[in-house]
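# Secondary and tertiary structure notes
Each chain, letter by letter, is given below.
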Amino acid sequence: MEIERNPTRTVRIGNVEIGAGHPIAVQSMTATHTRNIDATVEQINALHAAGADVIRVAVDSRQDAEALLEIRRQTSANLAVDLQENYRMAEIVAPAVDKIRYNPGHLYHHEREKPWQDKVRYLVDIAGEHNCAMRVGVNCGSVDPEKLAHYDPEDSISPMLESAREHCELLDSLGYHRYCVSLKDSDPEKVIEVNRRFAEQRPDVPLHLGVTEAGLPPDGVIKTRIAFEQLIGRGIGDTIRVSLTVPNPRKIEEIAAGRQILDDIRQGRVRSVVHFDRNSLNIIACPSCSRVENEAFIELAEEVKEMTRYAHDYAITIAVMGCRVNGPGETDDADLGLWCGPSHVNLKRGSESLGAYPYDAILPRLKQELDQLIAAKSDG
Ligand code: SF4
């Protein structure tokens, strides 16, 4: 099935090019602690061998940044660095990577008095100096608060679009065009909508597609497939990442799933009438990364899935997040949310905090809340 792609410009990321005339690149992200150089190199090389075109590594501290410099020496894979709050790590890591991903929604955390435009100018200078591409990575769980304030709380898409658009305008005005954009949500329908609308406004900008916190397989693959089939089938999307919550040795499943979805779309084997039962239990979970506060996160996500099976027929969303970066924001939209800390798990009912519990005490506490929700729905 020949798909007419949007006329996106070419962006080179190391030895791979994305954009209209190039195959859709498949990406993944390491979930090891970046400062654990051996484990991270091992995971990068496993992903590379599995066919990953680009591999992202999270950096939050100088220690992570220096580790990434050594990691670079031990792998030939195309590397991207994921910067959240601490964007100033760019100057340390840029010589070691092929792409810099920054999150507009986290730029305000440091140097609060400095305008975000100056921070982006800094990133452009660094990227230019070190031959790096960039990604403007907007995520539903951490949208720029200034943009959120402009819109109805029910409208999560418009602030994401406005944030991405204004960053594109600034980058263009600085003469920097080697960038792509991502607009991620944990709801596949919202991913379809926000990317479709962005592509209408900026058909020239390459898009990195992903359903964030898609969760544990197979649900995580199904959610992602729904969005990718609808977008790539319309010619939207130049690189993809399937975010799966799996133990580290199984991280290569993200690449296999991404390649399978692309191959199916090419062969016309689309299943987008796949009915993702919105009236049943929906588990949202992040794919983990170097920022995970406690290695027990993946196991906890699997245990939550097991423990909550009895609630399958209830339209309840439970979010399980690995850390503070997207944890607090992403869990706000769920009926029940868990986001991990080093020794405790924070429990929420919507945006209401219900306290923090030791890892061995959180499941029974979650079950209490779930039973109350079910009772309320049954009485309702
Ligand atoms: S929520 Fe935290 S641990 Fe999970 S993927 Fe996002 S940054 Fe990483």
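Scope of this entry: the structure provided in the associated data block. Given the structure is predicted, the values throughout are model-derived calculations rather than measurements.

This brings us to the overall build of the chain. Tallying secondary structure elements over the chain gives 12 helices and 15 strands in all. What you see for the chain is a C-alpha radius of gyration of 20 Å, in line with the 21 Å of a compact globule of 380 residues. For the chain, the C-alpha atoms occupy an extent of roughly 60 × 45 × 45 Å along the three principal directions. Among the 380 residues that make up the chain, the fraction classed as buried is 58%. When contacts within the chain are restricted to residue pairs at least 6 apart in sequence, those whose partners lie at least 24 apart make up 69%. When the accessible area of the chain is evaluated, it comes to approximately 14,900 Å², of which 49% is carbon and sulfur surface. A gap of 3 Å separates the mean positions of the 44 positive and 59 negative side-chain charges of the chain.

It is worth spelling out the sheet that holds strand E11 (residues 282–285) at this point. What the five strands build is an open sheet, ordered E11-E12-E13-E14-E15; its pairing is mixed. Two strands lie at the open edges of the sheet, namely E11 and strand E15 (352–358), each paired on one side alone. Within the sheet, the average angular offset between the axes of one strand and its neighbour, ignoring direction, is 15°. Where strand E12 (residues 317–321) lies against strand E13 (residues 336–340), four bridges are found, and the strand directions are parallel.

This paragraph deals with helix H2 (residues 62–73). With 12 residues, H2 extends 17 Å between its outermost C-alpha atoms, agreeing within 8% with the 16 Å of an ideal straight helix rising 1.5 Å per residue. Looking at the buried residues of H2, the elements they touch are helix H1 (37–49), strand E4 (54–59), strand E5 (79–83) and helix H3 (90–93).

Its volume calculated, the largest pocket comes out at about 840 Å³. Forming the boundary of the largest pocket are 37 residues, of which Ser-156, Asp-185, Lys-190, Gly-329 and Asp-333 lie nearest the centre. Listing elements by their share of the lining of the largest pocket, those giving two or more residues are helix H5 (145–148), helix H6 (157–173), helix H7 (188–201), E11 and helix H11 (327–332). It is H11 that provides the largest number of residues to the lining of the largest pocket, a total of three residues. Residue composition of the lining of the largest pocket, by class: 15 nonpolar, nine polar and 13 charged.

About the criteria used
- Residues numbered from 1 in each chain as written.
- Predicted model: local features only at pLDDT ≥ 70, side-chain atom pairs only at ≥ 80, totals over all residues.
- Heavy atoms only, no water.
- Helix = DSSP H or I, 4+ residues; strand = E, 2+ residues; numbered from the N terminus.
- Rg over C-alpha atoms; globule rule 2.2 N^0.38 Å.
- Buried < 20%, exposed > 50% of the residue type's maximum accessible area, 1.4 Å probe, protein only.
- Contact = heavy atoms within 4.5 Å.
- Areas by Shrake-Rupley, 256 points an atom, 1.4 Å probe, with all protein chains shown as cover.
- Lys, Arg positive; Asp, Glu negative; His and termini not counted.
- Charge placed at Lys NZ, Arg CZ, Asp CG, Glu CD.
- Pairing = 2+ DSSP bridges.
- Axes fitted to C-alpha atoms, helices over the stretch in contact; angles between N-to-C directions.
- Expected span 1.5 Å × (residues − 1).
- 1 Å grid on protein atoms, 1.4 Å probe; cavity = no way out; pocket = protein on both sides within 12 Å on 5 of 7 lines; lining within 4 Å.
- Points joined across faces, edges and corners; volume = space filled by probe spheres on them.
- Nonpolar A, V, L, I, M, F, W, Y, C, P; charged D, E, K, R; others polar.

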